Amino acid sequence: LGSYMWPFDQPPNCATVVSNSIIEKRKPILYVSHDEDDHGWQFLDNESEELDDLCIVGLGHILEVDPSMAGLASLEPGWQATRADINSEWVIERTPPEEDGDAT
């Protein structure tokens, strides 16, 4: 690795939630979330968030699949980045609060 600096706040072996379609290189990463509660990361295709469509990989594997994700490593906990497609600019914003389901 030499002078290479790991860009993320979590180690390369940090468990990270990712869409299977991204790992299989069928779809691009369109949604990135840096969780406020545990500082974990999610890299999703923005299509399906069913548990069967997600897997857990080491954060380092994300950079192997898409090295450009290093550019989002400075995303603060509690923030997310979304884009319409692989050619769109990232839109960075605070992650909306979780819905309780019974919000009035």
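Residues numbered from 1 in each chain as written. Predicted model: local features only at pLDDT ≥ 70, side-chain atom pairs only at ≥ 80, totals over all residues. Heavy atoms only, no water.

### A look at the pairing of strand S3 (residues 41-44)
Point 1. The pairing of strand S1 (residues 15-19) with S3 spans two bridges and is parallel. Bridging across to S3, Val 18 finds its partner in Phe 43.
Point 2. Across four bridges, strand S2 (residues 31-34) lies against S3 in antiparallel orientation. Paired with Ser 33 across the bridge in S3 is Gln 42.
Point 3. Hairpin connection from S2 to S3: six residues lie between these consecutive antiparallel strands, with His 39 at a positive phi of about 60°. (Pairing = 2+ DSSP bridges. Helix = DSSP H or I, 4+ residues; strand = E, 2+ residues; numbered from the N terminus.)

### Examining the sheet that holds S1
Point 1. With mixed pairing, the six strands of this open sheet are ordered in space as S4-S1-S3-S2-S5-S6. Looking at strand neighbours, the two that pair on one side only are strand S4 (54-58) and strand S6 (91-94), the edges of this open sheet. With strand direction ignored, the average angle separating the axes of adjacent strands in the sheet is 20°.
Point 2. The pairing of S2 with strand S5 (residues 79-82) spans four bridges and is antiparallel. Bridge pairing in S5 places Val 32 opposite Ala 81. (Axes fitted to C-alpha atoms, helices over the stretch in contact; angles between N-to-C directions.)

### Focus on the pattern of salt bridges
Point 1. Taken as a whole, this structure holds four salt bridges when the rule is applied.
Point 2. A salt bridge links Arg 83 to Asp 66; the shortest N-O distance between them is 3.9 Å. Taken as a pair, Arg 83 in the loop between S5 and S6 and Asp 66 in the loop between helix H2 (59-65) and S5 lie far apart in primary sequence, 17 residues in all. With respect to burial, Arg 83 and Asp 66 carry one shared label: buried. (Salt bridge = Lys/Arg side-chain N within 4 Å of Asp/Glu carboxyl O. Buried < 20%, exposed > 50% of the residue type's maximum accessible area, 1.4 Å probe, protein only.)

### Things to note about the environment of Leu 54
Point 1. Mapped onto the elements of the fold, Leu 54 is located in strand S4.
Point 2. Ignoring anything within four residues of it in the chain, the contact list for Leu 54 reads Val 17, Val 18, Ser 19, Asn 20, Leu 44, Ser 48 and Glu 49. (Contact = heavy atoms within 4.5 Å.)

### Quick notes on the nonpolar core
Point 1. If you look at the biggest cluster of nonpolar residues, it comprises 18 residues, and the most contacted ones within it are Val 32, Phe 43, Ile 62 and Met 69.
Point 2. When contributions to this core are tallied by element, the ones reaching two or more residues are S3 and H2.
Point 3. The dominant element in this core, judged by the number of residues it contributes, is H2, at four residues. (Core = buried A, V, L, I, M, F, W, Y, C linked by side-chain atoms within 4.5 Å.)

### Observations concerning unusual backbone geometry
Point 1. Even without a glycine there, the phi angle at His 39 is positive, about 60°.
Point 2. Inspection of the secondary structure puts His 39 in the loop between S2 and S3.
Point 3. With relative accessibility at 33%, the residue His 39 sits in the partly exposed group.
Point 4. Residue Asn 46 is not a glycine yet carries a positive backbone phi of 70°.
Point 5. Counting through the fold element by element, Asn 46 comes out in the loop between S3 and S4.

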